[in-house]
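# Examining the three-dimensional arrangement
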Amino acid sequence: MIATADIMPGFDAAAHIRRKRMAALAVPAVILAYFIYIFFAFDIPGLAERARMDNARILVADSYSYKTHVTRDNRVGGVTIAIEGERKGTWPEGTGPDWVTRESEDRTLVALKRGQEVVIDGDVMRYDVPGYGLIETQVSPGGVALSLPQGDVPDWISASSARVDITTDAGRVTVTRARTEVMRYHFGWELFWFTLDSPFHGKSFGELLGLALSGERVVPDRSNLAAMAHDVWNNQMWQHKDVMGAIFETVLMAFLGTMGAGLVALPLAFAAARNFSPLMLVRAAVRRVFDFLRGVDALIWTIILSRAFGPGPLTGALAILVTDTGTFGKLFSEALENVDAREIEGVQSTGAKPLQRYRFGVIPQITPVLLSQLLYYLESNTRSATIIGAITGGGIGLLLTQAIITQKDWEEVSYYIVLILVMVMVMDSVSGWLRRRLIAADDGGH
Amino acid sequence: MSDLTAGQAGVARIGDVQAAYMTMTRRKRMYGGVMLVVFIALMVSGFRVADGRNAGGFWDGIGNIFQFPGEVLAEAGEKIANLPGLMWTFLPSLIETINIAAASTLLGAIMAVVLSLLATRGLAKWPRLVGLFRRVMDILRAFPEIVIALVLIFILGGGPVPAMIAIALHTTGALGKLFSEVNENASLKPVEGLRSVGAGWGQRMWLGVIPQVAPNYLSYALLRFEINIRASAILGFVGSGGIGYDLKNAFSWGQGRYDEVAAIFLLLFGTIVFFDQLSGRYRNKMIGGA
C-alpha cells in the first residue's frame, strides 16, 4: 500500500480494488435483473399452460416410428392395409404383412404387439385387452354400438354414438360408421429404401447384395443394381429425387449468392478504400451504398426480390448476393486499406503500368483475406439459404416448412433436419479444407 | 581460365534457375487460368440452372424490380402523415425483437463460455471429453435457427420464446468456437498460480482466465448481437413474435397497408444500422484498449 503510493502518487489501490469488486458484482446483478425482466416480458409463467406436450409426444414418437392402418370399409366391405394410411403406402390386393391374417372375405385377424389381437368380423370388432376384458363394437346404419366388460368407459376409450376410439400401449382402434381401422406401431422409417411396389421390398441387406452381384435380372431391361438405384431414387414415399434436388438448390443459392457478391463487391471496394480512391465524395457515397445494402437486411431483400422474380432458387441467390455485396464491400475495402504500399512501389519501380501494378502489387496481398472471407461466408450462407428458402419458397427450407405445416410427417421432418445438418457440416469442412489449401498454395503470390 | 569456366558455369546455373522459375510461374499461371475457367463455367451454368428452376425468369423480373418498392413508396408518400404514428404503434414489437436478440445472445454467450472452457486443451475440467464438447459445439453451430424455431413453435405455440431458444442454441455453437480460439491464446500462468493456492476449477476459470479473455469475448458477443437482431426479425416472419410478424401481416394484406410495411421497413433499417454502428465502435475500442 505504502509502496504503491510512493511509486504512483495519487493512486489509491484500496479504492481501485473496491471499484473492481463492485463491477464484478454489478455485472452479474444487471444480467440477472435483465433475465427477470425477460421472464415476465416473454410471459414464461404462462408458457407452461400454452405448451402442447401432447404435440411434443406425437413429434418424438412419429420421428422414429410409423404406424400401419388395417382398414375395413364398413359401407361396401373389403379390407385395405396401408402404411400411415397413405395411398402410396398401400399393400397390393392379396398381400400384406405377416401380422394380418385374412381368414375369409370378411373376417380379418390383426395381431398387435404384446400378443394382443383384434378381430374384424364383418360389422363387428372384437378386442380382448388383457387385464380389462373383451371390448366389442357393432356397426349399424344407426351408429356404433359399444359393449364393455365393465360399466364405466375408461379414459383410454372415447366413445360416442358415431365414433369409438380405443388407444392402448399395443395399438389403436377407431370405429366409425364409414370404417373400422386398426393401427399398429413399428420402429423405424417405413419404406425408406424401397416402396411396396418395388420387387426389392422386404429383402435383407445380404439378399440385396446377393441380387446385385448375381446375373439373374429381377427387372428384365435393367441390371439389378441399376434397378435398385432406380427404385430408391424414384421412391414415392420419401421422394429422394426431389429432396436431393432441394439440397442442391440450397447449396446453389449459397454458392451463386456468395461468389456473385464477391465479384460485385471487389471493384466497388477499390472505390471505397482510402488509398485507392482519392475522391472523398466517391468514397463516402460507395460506403453509404454498402451500409444501405447491409442495413436493409436479407429478410427485406428477399421480400422485395420475390415480388419481382417469384419463388425459387434464383430469388434466394440474388437476396444473398445483394446483402453480402454490402458485407464484402466493407470487409474488402478494409483489407485494401491495409495493403503494404511498398510492394506496389516495388512493382512500379520495374516499370509496371497501372493495371499491372494492381495485378502484381495489390491482388496477391489481398487474395488470402478475400478467399478466406468468401469461403467462410459460403458456409454461413448455406444456413441463410435454408432460411431464405423457407421464406421465399425454394430448396430444402421450403420442404421443411411444408412438412412441418402438415403436422403429421414428423419422420420426414427429422429426415430433413438430419440432411440439413449434414449439408452444413459438409460445406463447413469443404470450405475449411479449401481455405487451408488455397491460402497455403498462394504463399508465392503469383 | 579457371575463372572463366567458373563464370560460365555460373551463368549457365543462373540460366537454369531462370528457366526453372519461368516454367514454375507458367505452370502456376496455367493452374490459375484453369481454375478461373472452371469457376466462370460453374457460375454461368449455376445461374442458368437457378434461372430455370425459378418461378419467374431473371430477364422477366429485372424490369419489375422497382415495381414493389415503388408501390410501397408511393403509398407511404400519400399517407406520410401516418408514418410517425405507425412507427410508434410498432415500437413494442421492435422492442420485443431486440429483446429476443439480447436475451438469446446473453444466454448463448453464457453457455458458450462454459462449453468453450470445457473444450479447450489445457483448461478443460475433463481433458478426455474435449473432443465431445467440440462436437457438441459443431452440431449446435450447424443448426439453422429456423429449424429449431419451427419445431418449437409446434410445441410451445407462437411467441418470442421459440425464437429465443433457437437463436440461443445457434449462438452457443457459433460463439463457443470463437471463444475457444480466444482461450487457446490465454496465458496459463494465472491458472497455475491459482491452482497452487488450492483454487477449484470454477475459481481458476473465473479469476484466472475470464479477466484475460473478457474483452475479446465481449467484442465477439457484440458482433453476434447485431447478427441476432437480423435473425430474430426473420424468425418473426415465420411465426415467432416481434416486428417480423407484424411485417408479414402487413405484407400479406397487400395494397392498402403498404404504409405499415414502409413504417416497419424504416424501423428495422434504422435499428440494424444503429446497432451495426454501435457494435463497430465499441468493438474497435475494446480490441484497441485490450
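Residues numbered from 1 in each chain as written. Chains lettered and ligands numbered in written order. Predicted model: local features only at pLDDT ≥ 70, side-chain atom pairs only at ≥ 80, totals over all residues. Heavy atoms only, no water.

### Brief notes about a nonpolar patch on the surface
Residue and element names in this part refer to chain A. Where nonpolar side chains cluster on the molecular surface, the patch consists of W189, V418, V422, V426 and V430 and spans about 380 Å² of accessible area. When you line up the elements, V426 lands in helix 13 (residues 410-441). Exposure remark for V426: the relative accessible area of 43% places this residue in the partly exposed category. (Patch = residues over 30% accessible without salt bridge, like charges linked within 9 Å, V, L, I, M, F, W, Y side chains within 5 Å. Areas by Shrake-Rupley, 256 points an atom, 1.4 Å probe, with all protein chains shown as cover. Salt bridge = Lys/Arg side-chain N within 4 Å of Asp/Glu carboxyl O. Helix = DSSP H or I, 4+ residues; strand = E, 2+ residues; numbered from the N terminus. Buried < 20%, exposed > 50% of the residue type's maximum accessible area, 1.4 Å probe, protein only.)

### Looking at the sheet that holds strand 11 (residues 172-176) of chain A
All names here are of chain A. Taken in spatial order, the six strands make up an open sheet running 2-1-12-11-10-9, and their pairing is antiparallel. Where the open sheet ends on each side, the last strands, each with one partner, are strand 2 (79-83) and strand 9 (157-159). Between one strand and the next, the sheet's axes are offset by a mean angle of 10 degrees, whatever the strand orientation. Taken together, the five bridges between strand 1 (residues 65-73) and strand 2 define a ladder with antiparallel strand orientation. Considered in strand 2, the bridge of R72 is made with V79. Packing against the sheet, helix 4 (residues 53-64) makes contact with strand 1 and strand 12 (179-187), and its axis sits at approximately 90 degrees to strand 1. (Pairing = 2+ DSSP bridges. Axes fitted to C-alpha atoms, helices over the stretch in contact; angles between N-to-C directions. Contact = heavy atoms within 4.5 Å.)

### Considerations on the domain arrangement of chain A
Domain parsing of chain A yields domain 1 (2-41), domain 2 (68-187) and domain 3 (240-444). The gap between the C-alpha centroids of domain 1 of chain A and domain 2 of chain A is 70 Å. (Domains from an automatic or database assignment.)

### Side note on the interface of chain A and chain B
Facing the 66 residues of chain A at the interface are 68 residues of chain B. Buried surface at the junction of chain A and chain B, both sides included, amounts to about 6,000 Å², of which 75% is carbon and sulfur. Between B:R53 and A:E249 there is a salt bridge, with its nearest N and O atoms 2.8 Å apart. The element contributing the most residues to the side of chain A that touches chain B is helix 8 (residues 280-309) of chain A, with 14 residues. (Buried area = accessible area lost by both parts, 1.4 Å probe.)

### Here we look at the packing of helix 7 (residues 240-272) of chain A against helix 9 (residues 313-337) of chain A
Taken N-terminus to C-terminus, the directions of helix 7 of chain A and helix 9 of chain A make an angle of 35 degrees; their axes are 6 Å apart at the nearest point. Here helix 7 of chain A and helix 9 of chain A pass one another in a crossing that is right-handed. (Left-handed = near helix turned anticlockwise from the far one by under 90°.)

### Concerning the sheet that holds strand 6 (residues 124-129) of chain A
All names here are of chain A. Taken in spatial order, the six strands of this open sheet run 3-4-5-6-7-8, and their pairing is antiparallel. In this open sheet, the two edge strands, each paired with only one partner strand, are strand 3 (100-104) and strand 8 (143-147). Pairs of neighbouring strands in the sheet enclose a mean axial angle of 15 degrees, with direction left out of account.

### Side note on the packing of aromatic side chains
Applying the stated criterion across every chain, the model contains 24 aromatic pairs over all chains. When the ring of A:F270 is compared with that of A:Y358, the centres are 5.4 Å apart and the planes differ by 85 degrees; the resulting orientation is edge-to-face. Of the two residues, A:F270 sits in helix 7 while A:Y358 sits in helix 11 (residues 354-392), which places them 88 residues apart along the sequence. With relative accessibility at 17%, the residue A:F270 sits in the buried group. The class of A:Y358 is partly exposed, set by a relative accessible area of 33%. Aromatic rings pair up to connect A:F309, B:F47, B:F58 and B:W59 into one cluster. It is A:R359 that lies over the ring of A:F360; its NZ or CZ is 4.7 Å from the centre. The ring of B:F237 has B:K248 sitting right over it, with the charged end atom 5.2 Å from the ring centre. (Phe/Tyr/Trp six-rings, centres within 6.5 Å; stacked < 30°, edge-to-face > 60°. Lys NZ or Arg CZ within 6 Å of the ring centre and 35° of its normal.)

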